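Secondary and tertiary structure notes
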Amino acid sequence: MQDEHAAWLAQHRQAVAGRAAALEAGRTAEARRAAALLEEFVRRAGERGLVPHPLAATSYDGRWTYKTRLRGWYLKSNRTVAVGEDGEYYVLTVPASLRARFTGAEPSPSMPRLIVGAGGGDGEPIPLEHLLDRRLEAGARWP
């Protein structure tokens, strides 16, 4: 009986590891496709003369806004998602910080997704490609 249980546990662990590997492979492939869209956006923005602007980050609670060293283009009107001039994808919400009020925030690039807001609780999920096209079409008239 103990051998059966050990065999079942080993088989179960192997199945879980296989599912985790498949999910990670899918996520990596999605991130590669999204990164290609971001690189294309930066190229097209340059062709259209859209100048990157300084980007700011907002605290999770929305009470504070912090300067960053980043330059790029906001993709959502609430300024929580942006593309840096380096082609990286940034979620511009950060923990509240007294230090950041004086020195600025330093958001790290996030792994891009093809659907922005997927699995999140705030706002409608929207395809990344749609956000990028909408931002290009807006030109300099962005909120």
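Residues numbered from 1 in each chain as written. Predicted model: local features only at pLDDT ≥ 70, side-chain atom pairs only at ≥ 80, totals over all residues. Heavy atoms only, no water.

Right, let's talk about the overall build of the protein for a bit. On a plain count of helices and strands, the protein comes out with three helices and seven strands. Seen in sequence order, the protein has helices and strands lined up from the N terminus as α-β-β-β-β-β-α-β-β-α. When its C-alpha atoms are laid out on the principal axes, the protein stretches across 70 × 40 × 25 Å. For the protein, long-range pairs separated by at least 24 residues make up 51% of all intrachain contacts whose partners lie at least 6 apart in sequence. Split by element, the accessible area of the protein, about 9,500 Å² in all, is 54% carbon and sulfur. Averaging the locations of the 20 positively and 17 negatively charged side chains of the protein gives two centres separated by 7 Å. (Helix = DSSP H or I, 4+ residues; strand = E, 2+ residues; numbered from the N terminus. Contact = heavy atoms within 4.5 Å. Areas by Shrake-Rupley, 256 points an atom, 1.4 Å probe, with all protein chains shown as cover. Lys, Arg positive; Asp, Glu negative; His and termini not counted. Charge placed at Lys NZ, Arg CZ, Asp CG, Glu CD.)

Here we take up the nonpolar core. Core analysis: the biggest nonpolar cluster contains 16 residues, and Phe-41, Leu-75, Val-83, Val-116, Leu-128 and Leu-132 have the highest contact counts within it. Apart from the residues lying within four places of it in its own chain, the contact partners of Leu-132 are Leu-37, Leu-38, Phe-41, Leu-75 and Val-83. Core analysis: the second largest hydrophobic core is formed by 13 residues, Leu-55, Ala-82, Ala-100 and Ala-138 among them. (Core = buried A, V, L, I, M, F, W, Y, C linked by side-chain atoms within 4.5 Å. Buried < 20%, exposed > 50% of the residue type's maximum accessible area, 1.4 Å probe, protein only.)

Counting through the fold element by element, Ala-35 comes out in helix H1 (residues 2–47). Between the C-alpha atom of Ala-35 and that of Glu-88, which follows or precedes it by 53 residues, the distance is 7.5 Å.

Let us now look at the sheet that holds strand E5 (residues 93–94). One key point about sheets: their strands pair by backbone hydrogen bonds, in either a parallel or an antiparallel sense. Pairing is mixed in the open sheet, where five strands are placed in the order E4-E3-E2-E1-E5. Edge strands, defined here as strands with exactly one partner in the open sheet, are strand E4 (89–91) and E5. Pairing of strand E1 (residues 53–59) with E5, which is carried by two bridges, proceeds in the parallel orientation. Bridging from a neighbouring strand, Thr-58 pairs with Thr-93 of E5. Contacts between H1 and the sheet are confined to strand E2 (65–74), strand E3 (81–84) and E4, with E3 contributing the most and set at about 70° to the helix. (Pairing = 2+ DSSP bridges. Axes fitted to C-alpha atoms, helices over the stretch in contact; angles between N-to-C directions.)

By the definition in use, this model includes five salt bridges. Between Glu-30 and Arg-27 there is a salt bridge; the shortest N-O distance is 3.7 Å. On the criterion of helical spacing, the pair formed by Glu-30 and Arg-27 is a turn pair, its members being three residues apart in helix H1. Assessed through its relative accessible area of 13%, Glu-30 is described here as buried. For Glu-40, the salt bridge identified is with Arg-43, shortest N-O distance 2.4 Å. One end of the pair, Glu-40, and the other, Arg-43, are both in helix H1, three residues apart, so they sit about a helical turn from each other. A network of salt bridges, in which partner residues are shared, links Arg-27, Glu-30 and Arg-113. (Salt bridge = Lys/Arg side-chain N within 4 Å of Asp/Glu carboxyl O.)

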